[in-house]
There are 2 protein chains.
Amino acid sequence: MYIVGIDLGGTFFKVGLVDAKDGKIIKKIERETKVHEGRVKVVERMAQAVLEITEGFEYTGVGVGSPGSIDHDRGIVRFSPNFPDWVDFELGGELSSLLNKPVFVENDANAFVLGEKWFGAGKGHEHIVALTLGTGVGGGVISHGVLITGKDGIGTELGHVIVEPNGPLCGCGNYGCLEAIASATAIKRMAIEGQKKFPESEIFKAEEISAKIVFDAARNGDLLGQTIVNRVVNALAIGVANFIHIFNPSIVVVGGGVSRAGDILFTPLREKVKHLVMPSFKGTYEIVQSPLVEDAGILGAASIVLQRKMNQQ
Amino acid sequence: MYIVGIDLGGTFFKVGLVDAKDGKIIKKIERETKVHEGRVKVVERMAQAVLEITEGFEYTGVGVGSPGSIDHDRGIVRFSPNFPDWVDFELGGELSSLLNKPVFVENDANAFVLGEKWFGAGKGHEHIVALTLGTGVGGGVISHGVLITGKDGIGTELGHVIVEPNGPLCGCGNYGCLEAIASATAIKRMAIEGQKKFPESEIFKAEEISAKIVFDAARNGDLLGQTIVNRVVNALAIGVANFIHIFNPSIVVVGGGVSRAGDILFTPLREKVKHLVMPSFKGTYEIVQSPLVEDAGILGAASIVLQRKMNQQ
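Calculation rules
- Residues numbered from 1 in each chain as written.
- Chains lettered and ligands numbered in written order.
- Predicted model: local features only at pLDDT ≥ 70, side-chain atom pairs only at ≥ 80, totals over all residues.
- Heavy atoms only, no water.
- Least-squares fit on C-alpha atoms with pLDDT ≥ 70 in both.
- Contact = heavy atoms within 4.5 Å.
- Helix = DSSP H or I, 4+ residues; strand = E, 2+ residues; numbered from the N terminus.
- Expected span 1.5 Å × (residues − 1).
- Buried < 20%, exposed > 50% of the residue type's maximum accessible area, 1.4 Å probe, protein only.
- Polar contact = N/O pair within 3.5 Å; in protein donor to acceptor, adjacent residues only side chain to side chain.
- Pairing = 2+ DSSP bridges.
- Axes fitted to C-alpha atoms, helices over the stretch in contact; angles between N-to-C directions.
- Domains from an automatic or database assignment.
- Buried area = accessible area lost by both parts, 1.4 Å probe.
- Core = buried A, V, L, I, M, F, W, Y, C linked by side-chain atoms within 4.5 Å.
- Salt bridge = Lys/Arg side-chain N within 4 Å of Asp/Glu carboxyl O.
- Phe/Tyr/Trp six-rings, centres within 6.5 Å; stacked < 30°, edge-to-face > 60°.
- Parallel < 35°, antiparallel > 145°, perpendicular 65-115°, else oblique.
- Left-handed = near helix turned anticlockwise from the far one by under 90°.
- Nonpolar A, V, L, I, M, F, W, Y, C, P; charged D, E, K, R; others polar.
- Lys, Arg positive; Asp, Glu negative; His and termini not counted.

Participant: Looking at this model, I keep getting lost on the relation of the copies chain A and chain B. Mind explaining?
Facilitator: For the pair chain A and chain B, the best superposition has an RMSD of 0.0 Å and corresponds to a rotation of 180° with a translation of 0.0 Å parallel to the axis. In the structure described here, the two chain copies are related by an operation that fits a two-fold rotation axis. A shared binding surface is used by both copies, with 100% of the interface residues of chain A retained as interface residues in chain B.

Structure follows, in C-alpha cells:
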C-alpha cells in the first residue's frame, strides 16, 4: 500500500510517496509554498505535486501535517500564524476534491508523534511523548494508543508548559515556556543576549549565530555555549519529567533541528530527568533522539492516513 | 442497579451503597483502617462492612479507591506509603473471594475524576482534568473518554508537576512541585514558616494551624494569610494552565479539603489562568469546585465499577 505525506511549511512544502509497509520514501518533491499567492494557488500546487509524484502508482490517501490550529475531524485549518488567509480553511476538502482521494489533516507536531509510532522510535509503543525542538517547540502525545488532541483538537501544546516562571518572554505572551528556552529561536536569542557578558565567546566568530553554533561552541568548552546548553537541558529536563509524571510513557522521543546536537544534549538530559522523576517511575521510560531526521515531516504526515484508517476499523 | 464504593484511607475507610442511576448514597459506614493489624485483617473488615451495608440489596460490584501505586488491570496495590505491608498485594482478588463479587481497584485520585464524570461536575464531559487538594495533591484525567493512567498505571501525577523550580522541597524529593505549595500540608507549613516575619498574624491565635485557618485569615485581610493564598493561587494557576495546554479539557474540577475555601481560591485562580492560557484556549474550559464534597471518595470508588463495565461493553 502506498500513501502520500505532505509536510507543509511556511516557506517550502515537501511531498513524499511512502510505502506503508516499511516507511520507505519512494519519491519526494520539495516546492515553494508561496503563501502570498493565496490559499487556492497553494492548494493547487500541492495537488500538482501529488499528481506528479504518484504517477504510475495506486495510492490510498494523503496526510497533511500543517502548522497551526487544526480541526482534524473536518480537515480544517482554523488559523496558522504564517498563513494569514488560512482562517477556517477547508484544506482537506479542497485538496481531496482536486485529487479525488481521501485527505486527512493534522497539526504538524501531532503528525510527528504519529510518524514516530508508525515508522520511528515509537514502533510498538502505546504510550509516547514526542517533542520537536525547532523554530518553536511542538508536542504530540499518544496515550493508551490514542492520539491526544483534546476537546477542540488543540491540546498537547507541550512547548507552552511553563518551566521557568519569571523566565524569558515567549511568543505566546507568557514567561518561561519551554519554547522560550529550548527552541532554536530561543537558543539564538540567548547567545545574542550573552554577548555583553561573554564578548570573547567563539559563538561571535561565526558568520551567523544558530543553535548549531551554540552547541558546537559548548562542545569546544566555550563558557557561553555551555551556559546556554545547561539552561536548555534544565528546562527540557523539567518539561520531560513533568510529561513522564503526567503520561507515564514508555518512550519520550525528541526530534527537530535542535535534537541533532546529539549526545551533548541527550546525555545530561537523561541524567537530570533521572534525578527529577519519582522512584516509582525509574526504569519505566527511555528518552531517545528521533531517528527520522529530515524525513520526519513526510513520514509523520503519511502516518496520519494509517492512524485514521486504524481508528475507522 | 446498586454498586458499592470503598474509599480507603490510612486512618479510616468509608463504604457506601450507591444507586448507580443518580449517585444517591443509600447507606454508608465509616470504620477504622487499623493498618497495624496487617492487610488480611483490614480486608476482612472491609468485606464485613460491605456485607453489612448491602444486606437486603442486590449489588453489581465493588470499587475501591486506594492511595498508592495501583496495578488496576489486576487489582493489585503495588505499594502505598501509609500501608507498609501492602507491597504487590492482591487487594481486588482477596476482597472479591470474600464477597464473591467483582472488585475493581483504582488509585484514589483516578477514582475522584471518575466520580466527577459519573456523578459530579464532569457529567457529559469527555475531557476532564481533576485535582484534589488535600494532605497531598492528586490528579486524575479523562481524555477522549479514556481514563489516562499510562503504561504502568502510575500516570497523571499532577501534584508532582514542577511549578516553582527552586521552590519548597516536596515529599517526593523534588523542589517546587504543585503539592509542595498547594496541599493542605504545604499551606500549614508556609504559615509556620511565616511566624518569624508575621508574628502578629491572626493565624497564630488559632488553637491549631490549618489550611482553613489560613484562608479565614486571608478573608479577614490578614497579611500572612493573603501572602500564602496568593502563592497557592499562583502555583495552582501555572499548573492548571499547563494542564489546559496539555489536555485541552472542557472542564477542570478542583476538589479536596483545600477546595472548600471557595471563592477566595477560585476567583483569583480563574482570573490568573485566563491570563496564562494562549488565545486559542480562551473560552474552551471552565474551572469548577467539586460538588461532591465529602462523598467524593465513595462516589469516586463506586464509579470505578461503572467505568470498567462501560469499557467491557
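Still to come is the rest of the account.
Participant: Whenever I open this one, helix α3 (residues 108–119) of chain A confuses me. Can you help?
Facilitator: Note that an α-helix has 3.6 residues per turn; residues three or four places apart therefore point the same way. Residues and elements named next belong to chain A. Compared with an ideal rise of 1.5 Å per residue, which puts 12 residues at 16 Å, α3 spans 16 Å between its outermost C-alpha atoms and is within 8% of the ideal. With 10 of 12 residues buried, α3 is to be regarded as a mostly interior element. Among the residues of α3, A109, N110, A111, F112, V113, L114, G115, E116, K117 and F119 are the ones counted as buried. The backbone nitrogen of A109 lies 2.9 Å from a side-chain oxygen of the residue at the head of α3, namely N107.

Participant: Can you help me understand the sheet that holds strand β12 (residues 286–289) of chain B in this one?
Facilitator: The pairing of strands in a sheet comes from backbone hydrogen bonds and takes either a parallel or an antiparallel form. Residues and elements named next belong to chain B. On the basis of which strands lie adjacent, the open sheet formed by 5 strands has the order β10-β9-β8-β11-β12 and mixed pairing. With partners counted over all chains shown, the strands left at the sheet margins are β10 (146–147) and β12, one partner each. Pairing geometry for strand β9 (residues 137–143) and β10, over 2 bridges, is antiparallel. Across the sheet, residue S143 finds its bridge partner in β10, namely V146. Relative to the sheet, helix α7 (residues 223–247) contacts β8 (128–133), β9, β11 (251–255) and β12, its axis offset from that of β8 by approximately 155°.

Participant: Whenever I open this one, the domain arrangement of chain A confuses me. Can you help?
Facilitator: How big an interface is tends to be expressed through the accessible area that disappears when the partners come together. Residues and elements named next belong to chain A. When the domains of chain A are assigned, the result is domain 1 (2–115 + 294–312) and domain 2 (124–290). Computed over C-alpha atoms, the centres of domain 1 and domain 2 are 27 Å apart. Opposite the 12 residues of domain 1 that make contact, domain 2 presents 21 residues. With both sides pooled, the region where domain 1 packs onto domain 2 buries about 1100 Å², and carbon together with sulfur makes up 61% of that total.

Participant: Is there a simple way to think about the sheet that holds strand β2 (residues 12–19) of chain B in this case?
Facilitator: Residues and elements named next belong to chain B. Spatially, the 5 strands line up as an open sheet ordered β3-β2-β1-β4-β7, and their pairing is mixed. Each edge of the sheet is formed by a strand with only one pairing partner; in this case those strands are β3 (24–32) and β7 (103–107). With strand direction ignored, the average angle separating the axes of adjacent strands in the sheet is 20°. Where strand β1 (residues 2–8) and β2 come together, 7 bridges link them in antiparallel fashion. By the bridge assignment for β2, I3 is matched with V18. Sitting on the sheet, helix α3 (residues 108–119) touches β2, β4 (59–66) and β7, and the angle it makes with β7 is about 110°.

Participant: In this structure, what is going on with the nonpolar core? I would like to understand it.
Facilitator: In globular proteins that are soluble, nonpolar side chains generally tend to be buried together. Among the nonpolar cores identified, the biggest contains 118 residues, and A:L265 and B:L265 are the most heavily contacted of them. Filtering out sequence-adjacent residues up to four positions away, A:L265 remains in contact with A:L133, A:F215, A:V232, A:V233, A:L236, A:V258 and A:S259.

Participant: Quick question: what am I supposed to make of the interface of chain A and chain B here?
Facilitator: Across the contact, 39 residues belong to chain A and 39 residues belong to chain B. Buried area between chain A and chain B, both sides added, is near 3300 Å², and the carbon and sulfur share of it is 67%. Scanning the region where chain A abuts chain B turns up 0 salt bridges. Where chain A touches chain B, the interface holds 26 residue pairs in polar contact (both at pLDDT 80 or more). Elements supplying a minimum of two residues to the side of chain A that touches chain B: β10 (146–147), α7 (223–247) and α8 (263–276) of chain A.

Participant: Honestly, the packing of aromatic side chains in this entry has me stumped. Any pointers?
Facilitator: The description of an aromatic ring pair rests on the distance of the ring centres and on the angle between the ring planes. Applying the stated rule across the entire model yields 7 aromatic pairs over all chains. Seen in terms of ring centroids, B:W86 and B:F89 are 5.0 Å apart; in terms of plane orientation they differ by 75°. Their pairing is edge-to-face. Neither residue differs from the other here; B:W86 and B:F89 are each classed as buried. What links up through ring pairs into an aromatic cluster is the set A:F83, A:W86 and A:F89.

Participant: Where do I start with the side chain of B:H160 in this structure?
Facilitator: Its location among the elements puts B:H160 in the loop between β10 and α4 (179–182). Judged by relative accessible area, B:H160 falls into the buried class, the value being 8%. The contact partners of B:H160, leaving out residues within four places of it in the chain, are A:N242, A:H245, A:M278, B:C170, B:C172, B:C177 and B:E179.

Participant: Would you take a moment to explain the packing of helix α5 (residues 184–193) of chain A against helix α6 (residues 211–219) of chain A for this structure?
Facilitator: Between two packed helices, what matters for the description is the angle formed by their axes and the separation of those axes. Residues and elements named next belong to chain A. Their axes nearest at 8 Å, the elements α5 and α6 cross at an angle of 60°. Considering their axes alone, α5 and α6 lie oblique with respect to each other. Handedness of the crossing formed by α5 with α6: left-handed. Every residue of α6 that contacts α5 at A184, I187 and A191 is listed here: A211, V214 and F215. Considering only residue class, the contact of α5 with α6 consists of 6 nonpolar, no polar and no charged.

Participant: Sorry if this is basic, but what is going on with the side chain of B:D222 here?
Facilitator: Residue and element names in this part refer to chain B. The residue D222 is located in the loop between α6 (211–219) and α7 in this model. Lacking a salt bridge, the buried D222 has K205 as its closest oppositely charged neighbour, with an N-O distance of 6.7 Å. Side-chain polar atoms of D222 contact the backbone nitrogen of E202, separated by 2.9 Å. Filtering out sequence-adjacent residues up to four positions away, D222 remains in contact with S201, E202, I203 and A217.

Participant: How do you make sense of unusual backbone geometry when you look at a structure like this?
Facilitator: Apart from glycine, the bulk of residues carry a negative phi angle, and the bulk of peptide bonds sit in the trans form. Residues and elements named next belong to chain B. In the Ramachandran plot, K34 falls in the positive-phi region, its phi being about 50° despite a non-glycine side chain. Within the fold, K34 resides in the loop between β3 and α1 (39–54). Accessibility expressed as a relative area gives 30% for K34, which makes it partly exposed.

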